[in-house]
Each structure stands twice: as C-alpha cells, then as structure tokens.
Amino acid sequence: MIASMAVFAVEDAFIKAASVTLPVGQVLVIFGLGGALVFASLALYNREPLYSADVISRPMWIRVVFEIIGRLFYVLALSLIPLSAATVILQAAPLVVVAGAALVFGEKVGWRRWSAIFVGLAGVVIIIQPGTDSFSALSLLAVAGMIGFAGRDLASRAAPAKLSTAILGLYGFLPIMVAGGFYAAWQGVPFVMPDGVTSFYVLGAVLSGVIAYSCLMKAMRTGEVSAVTPFRYSRLLFGIALGIILFDEQLSLAMMVGSGLIVASGLFILLRGRQVRGTK
C-alpha cells in the first residue's frame, strides 16, 4: 500500500508536469490509452478474455462513470492548483467511501464515525477556505475528483469478484481515454506533438499509474483491509514532498490544519470500525 501511494504521487507529478505543455484532454487520452494497452497485454499474457458478461454488469458501468468523473476533474485540478493541495483534498475520499457505504450498502455507522466523517469534511472546507480572499474555485475541481474516486471505490466493492486486476485495470484506463476525447472536443484545443521531455513525462505517468494500480489491487485483495487502508494516508506525505521539491510549493497553516483533521478522522474511523467488528 505504501509503495502504491508513493508511485501514485509520482504519477500525479508527471501528469502535472506534462499538462504544462500538453492540453489536458490530450494528456488524458495518451494516459488512458497507454494504461489500457499495458493491462490488456497483461491479461492476454495470462490468457484471460478481455471481454465477458461481467464487464458490462451494472456495478462496472457505475464504476466507469465515476472513474471518468474522478480522473477528469482530478487531472484538471493537478494542472491548475498546487500538487500538494490536490493531494490533501484527495485524502478525504475514504471518509466519503464510509459515508457512501452506510447510505448505499446499508452498513452500520455509529454516531462516533459519522462525527469523524463530518470533522474530516470540515478539514476539506478549511483547506478550500470558502468566503475568504484565499478561496479559489479551482480547488473545487479536486473536490469533484475526490468524490468521483470515492464513487469508483464503492462501485469496485460491488464489481464481480472474478474480474482480475488486469481486467479491472483495462476497464479503469479505457474510460480515462474516452473522458479525454470528450473533454478535448468540448475544449476545442488541438492536440500538439510533444517534445522529448514531455513524452518522458507522459510515459512516466503511464508506467507509474500501472505500477501503482497493481500494487493497490494487490494490497486490497490480499491484505486485511483494516490493516492496509491506514497506509493510504502516506500519499499525503509523498504528494506534499514532491510539490515542495519539484514545484516550489508552500504549505499554508490552513492546509496543515485541514490535512491533520482529515487524517485523524480517517484513522479514527478505521480504528473504530475494527473495534466494532471485534465486539461482534
């Protein structure tokens, strides 16, 4: 899980660097196509069929929709706001997943965990700082991306268990390519030929995304969820570090306070969930 979060942060840095010279739609198309080709190749190598009835099941369609929402808005956020800010806001996704599990799947969430969820979401509000001179509407792009990724994770829980990591990866990256194509058509900005450095950034993003996704699926499918999930928050450290080192970003007091509330709330929810399960 830690390796996954570290490489996801590297992927974010590559995407942010590539979006300086390439239109966002083009970045998404190349990124989605590259990842889909890698996972399709892995599936064929393992002699897995690329298509089955499970692929078009209702949870998979829902997963695709949220994948598009999450990836499109998060990449837009990466291109327009600091990497560290986007990374911190993304850490609220597990809180939304817990709330969604209670509302959608009927999982029991007591008042303590609901309180922690609201505290964590308050941390997001502190980071965004609405109604102040520091507020930027662009930060809402990261919030929309976070909600999309949370919805994708919820849909993944309902996806057929027989689908392998390679197939989930294939149908996770294909929607990214589609989203990029639609956004490029809407934006009306022509694609450009990337130079050598930008091509390296895009290739790095694709390879990082594949490695990170594979590590994440391995951790979630083989490790105890309550044991490995807390290490998701290590992405915050990696993202902030890369933002400071590579993009000369600065941490504000609001960001530090907000990220502290998000992480503390998430860890409390996981700890409380383990205690509740232990008493049954």
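As recorded by an unreviewed UniProt entry, the protein carries the name EamA family transporter and is attributed to Hoeflea alexandrii.

A. Examining the UniProt feature "domain: EamA" (unreviewed entry) in the protein more closely. Mapped onto the present numbering, the UniProt feature "domain: EamA" (unreviewed entry) falls at residues 1-128 and 140-270. The distance separating the terminal C-alpha atoms of residues 1-128 is 27 Å; by composition the span is 78% helix and 0% strand.

B. Representation of the side chain of Q91 within the structure. With respect to the helices and strands, Q91 occurs in the loop between α4 (83-90) and α5 (93-104). Judged by its relative accessible area of 4%, Q91 falls in the buried class. At 3.0 Å, the side chain of Q91 and the backbone oxygen of T87 are in polar contact. Aside from chain neighbours lying at most four places away, what touches Q91 is R232, Y233, R235, L236 and I262.

C. Local environment of the environment of S84. Mapped onto the elements of the fold, S84 is located in helix α4. Along the primary structure S84 and P194 are separated by 110 residues, whereas in three dimensions their C-alpha atoms are 26 Å apart. Discounting chain neighbours no more than four positions away, the residues touching S84 are G239, I240, E249 and M255.

D. Just unusual backbone geometry, in detail. A positive phi is found at Q129, a non-glycine position, where the angle reads about 60°. In this structure, Q129 sits in the loop between α6 (111-128) and α7 (139-158). Take Q129: its relative accessible area is 24%, and that puts it in the partly exposed class. Phi angles above zero are rare outside glycine, and D248 is one such case at about 55°. Residue placement: D248 occurs in the loop between α11 (234-247) and α12 (253-278).

E. Local environment of the pattern of salt bridges. On inspection of all chains with the given rule, the structure shows five salt bridges. Across the salt bridge formed by R71 and E11, the nearest N and O atoms sit 2.8 Å from each other. Placement of the pair is R71 in helix α3 (residues 58-80) and E11 in helix α1 (residues 2-18), with a sequence separation of 60 residues. An identical accessibility class is assigned to R71 and E11; each is buried. A salt bridge links D54 to K162, with the shortest nitrogen-to-oxygen separation between them at 4.0 Å. Of this pair, D54 sits in the loop between α2 (24-45) and α3 while K162 sits in the loop between α7 and α8 (165-187), placing them 108 residues apart in sequence. If you follow the salt bridges from partner to partner, you end up with E67, R152 and D153 in one network.

F. Local environment of the packing of α5 against α7. As a packed pair, α5 and α7 sit with axes 9 Å apart at the nearest point and diverge in direction by 50°. When the interaxial angle is binned, α5 and α7 end up oblique. Along this stretch, α5 crosses α7, giving a crossing that reads as right-handed. Of the residues in α7, those in contact with A93, V96, V97, G100 and A101 of α5 are M146, A150, D153, L154 and R157. Considered class by class, the residues forming the contact of α5 with α7 number seven nonpolar, one polar and two charged.

G. Structural detail: the packing of aromatic side chains. The final tally for this structure, using the stated rule, is 10 aromatic pairs. Ring centres of F39 and Y213 lie 5.6 Å apart, and the angle between their planes is 70°; on these two criteria the pair is classed as edge-to-face. In this pair, F39 is assigned in helix α2 and Y213 in helix α9 (residues 196-222), connecting sequence segments 174 residues apart. F39 sits in the buried class, given a relative accessible area of 1%. A relative accessible area of 8% places Y213 in the buried class. Both rings, one in F173 and one in Y213, keep their centres 6.4 Å apart while their planes meet at 70°; by these two values the pair is edge-to-face. With a gap of 40 residues between them, F173 in helix α8 and Y213 in helix α9 connect regions that are remote in the sequence. Assessed through its relative accessible area of 4%, F173 is described here as buried.

Definitions and cut-offs
Residues numbered from 1 in each chain as written. Predicted model: local features only at pLDDT ≥ 70, side-chain atom pairs only at ≥ 80, totals over all residues. Heavy atoms only, no water. UniProt positions renumbered as here; feature names shortened; annotations may be inferred. Helix = DSSP H or I, 4+ residues; strand = E, 2+ residues; numbered from the N terminus. Buried < 20%, exposed > 50% of the residue type's maximum accessible area, 1.4 Å probe, protein only. Polar contact = N/O pair within 3.5 Å; in protein donor to acceptor, adjacent residues only side chain to side chain. Contact = heavy atoms within 4.5 Å. Salt bridge = Lys/Arg side-chain N within 4 Å of Asp/Glu carboxyl O. Axes fitted to C-alpha atoms, helices over the stretch in contact; angles between N-to-C directions. Parallel < 35°, antiparallel > 145°, perpendicular 65-115°, else oblique. Left-handed = near helix turned anticlockwise from the far one by under 90°. Nonpolar A, V, L, I, M, F, W, Y, C, P; charged D, E, K, R; others polar. Phe/Tyr/Trp six-rings, centres within 6.5 Å; stacked < 30°, edge-to-face > 60°.

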